[in-house]
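Structural characterization, general
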Amino acid sequence: GENVEQHPSTLSVQEGDSAVIKCTYSDSASNYFPWYKQELGKRPQLIIDIRSNVGEKKDQRIAVTLNKTAKHFSLHITETQPEDSAVYFCAASILPGYALNFGKGTSLLVTP
Amino acid sequence: DTEVTQTPKHLVMGMTNKKSLKCEQHMGHRAMYWYKQKAKKPPELMFVYSYEKLSINESVPSRFSPECPNSSLLNLHLHALQPEDSALYLCASSQEGQGTGELFFGEGSRLTVL
């Protein structure tokens, strides 16, 4: 099955700095790569996703890039704010709406 | 309505008890999932139902028994659990292969096994 590796496991940045989280996947059949944010005590929620026919996608301060040849994708958060502090999970699946295999998560702390 | 509702929010049970977790969605999603999440770990897939049929069982012990009575409801029956089964159990739903692809998660049922 799909194996998703995620780095780093923890990331601390100052408010206003950028944060980058990287993931690699093993199954070349994967075509859908979402990112979920989970605040303490809350449910995971989708923040952005990308499909294999696209190399980059941006939504305000967050962006995701995908290199299908190298089987890696990254989350970029610019102008970080304290409310960005959370655990971020990357995931991969064959198609949108199918079962997700999650990476181990990155705990992001944004300090004022 | 983009809600996935899970009950109960908290459950404490002994190792000999039988209990059930319930999940409901009214988004017309035909795929429903049970995930298990331990502290500081990612959600771990347990079961997937597609069109009310079990399509994936990730080698989950038989003390966990899923049930999908209809397209809106998903249950997880618990029996003879072990203390290591204590975790947050997340239900999710999606439009399998269609739409945005987003998995909508419930708030979870936090289970403690004594």
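Residues numbered from 1 in each chain as written. Chains lettered and ligands numbered in written order. Predicted model: local features only at pLDDT ≥ 70, side-chain atom pairs only at ≥ 80, totals over all residues. Heavy atoms only, no water.

**Topic: the sheet that holds strand β1 (residues 4–7) of chain A**
All names here are of chain A. Note the following rule: One bridge is not enough; two strands pair if DSSP finds at least two bridges between them. Working definition: helices are DSSP H or I runs of at least four residues, strands are E runs of at least two. Numbering for both runs from the N terminus. Whenever a helix is involved, its axis is fitted only over the stretch in contact; in every case the axis is a line through C-alpha atoms, and angles between N-to-C directions fall within 0 to 180 degrees.
In space, the five strands of this open sheet follow the order β1-β3-β8-β7-β6, with antiparallel pairing throughout. The open sheet terminates on both sides in strands that have one partner only, identified here as β1 and β6 (56–59). Here the average twist between neighbouring strands, direction ignored, is 15°. Across six bridges, strand β3 (residues 19–25) lies against strand β8 (residues 72–77) in antiparallel orientation. Residue pairing in the sheet places V20 in a bridge with H76 of β8.

**Section: the packing of aromatic side chains**
As a reminder of what qualifies: Between 30 and 60 degrees the pair is tilted, below 30 it is stacked and above 60 it is edge-to-face, where a pair is any two Phe, Tyr or Trp rings, Trp via its six-membered ring, whose centres lie within 6.5 Å. Throughout, exposure labels follow a simple rule: accessible area from a 1.4 Å probe, protein chains only, divided by the maximum for the residue type, with under 20% read as buried, over 50% as exposed, and the rest as partly exposed.
With the rule as written, the count across this model stands at twelve aromatic pairs over all chains. Relative to B:Y35, the ring of B:Y33 has its centre 6.3 Å away and its plane inclined at 35°; by these criteria the two rings are tilted. Among the residues examined, B:Y33 registers a relative accessible area of 0% and is labelled buried. Relative accessible area serves as the criterion here: at 0%, B:Y35 is assigned to the buried category. Between B:F64 and B:Y89, the ring centres sit 5.8 Å apart and the planes meet at 35°, which makes this aromatic pair tilted. Here B:F64 is found in strand β7 (residues 64–70), whereas its partner B:Y89 is found in strand β9 (residues 87–94), with 25 residues between them in sequence. A single burial state applies to B:F64 and to B:Y89, both of which are buried. Within the aromatic cluster, the residues linked to one another by ring pairs are A:Y36, A:F89, A:F102, B:Y33, B:Y35 and B:F105.

**A word on the nonpolar core**
Rules: Only buried residues count toward a nonpolar core, which is a set of Ala, Val, Leu, Ile, Met, Phe, Trp, Tyr and Cys residues joined through side-chain atoms within 4.5 Å. Here, two residues are considered to be in contact whenever any of their heavy atoms come within 4.5 Å of each other.
If you look at the biggest cluster of nonpolar residues, it comprises 24 residues, and the most contacted ones within it are B:W34, B:F64, B:L76 and B:L78. Taken together, the elements giving at least two residues each to this core come down to β2 (10–13), β3 (18–25), β4 (31–37), β5 (44–50), β7, β8 (73–79), β9 and β11 (109–113) of chain B. When neighbours within four sequence positions are excluded, B:L76 is seen to be in contact with B:K19, B:S20, B:L21, B:W34, B:M46, B:F47, B:F64, B:S65, B:P66 and B:Y89. Counting residues in each nonpolar core, the second largest holds 22 residues, with A:C23, A:I50, A:V64 and A:Y88 among its members.

**Quick look at the confidence of the model for chain B**
Our working definition: A residue's pLDDT is the predictor's confidence in that residue, given on a scale from 0 to 100.
Mean pLDDT over chain B stands at 93; residues scoring 70 or higher make up 96%. Looking across chain B, the model is least confident in strand β6 (residues 53–57) of chain B, with a mean pLDDT of 93, and most confident in strand β1 (residues 4–7) of chain B, with 98.

**Section: the sheet that holds β3(B)**
Residue and element names in this part refer to chain B. Taken together, the four strands give an open sheet; going across it, the order is β1-β3-β8-β7, and neighbouring strands pair in antiparallel fashion. Pairing within the sheet leaves two strands with one partner each, and these edge strands are β1 and β7. In this sheet, adjacent strand axes meet at a mean angle of 20° when their direction is disregarded.

**Let's talk about the side chain of A:K37**
Residues and elements named next belong to chain A. How we decide: Two N or O atoms form a polar contact when they lie within 3.5 Å of each other; inside protein one atom must be a possible hydrogen donor and the other a possible acceptor, and for residues adjacent in sequence the pair counts only when both atoms belong to side chains.
Structurally, K37 can be placed in strand β4 (residues 32–38). Within polar-contact distance, the side chain of K37 engages the backbone oxygen of E83 at 3.0 Å. Setting aside residues up to four positions removed in sequence, K37 forms contacts with R43, P44, Q45, I47, E83, D84, A86, V87 and Y88.

**A look at the interface of chain A and chain B**
Inclusion rule: Defined in terms of a 1.4 Å probe, buried area is the accessible area two parts forfeit on being brought together, summed over both. Note on definitions: salt bridges are taken to be side-chain nitrogens of Lys or Arg within 4 Å of carboxyl oxygens of Asp or Glu. Under this grouping Gly is polar, as are all residues other than the nonpolar Ala, Val, Leu, Ile, Met, Phe, Trp, Tyr, Cys and Pro and the charged Asp, Glu, Lys and Arg.
On the side of chain B, 26 residues touch chain A, which itself brings 19 residues to the contact. The junction of chain A with chain B conceals about 1700 Å² of combined surface from both sides, 52% of it contributed by carbon and sulfur atoms. Among the residues chain A hides against chain B, the three largest losses belong to A:R43, A:G97 and A:F102. Together they make up 34% of the total. As a salt-bridge pair, B:E107 and A:R43 come within 2.8 Å of each other at their nearest N and O atoms. Here chain A is connected to chain B by eight residue pairs in polar contact (both at pLDDT 80 or more). Where the side of chain A that touches chain B is concerned, the elements lending two or more residues are β4 and β5 (45–51) of chain A. Of the residues in the side of chain A that touches chain B, the class split is ten nonpolar, four polar and five charged.

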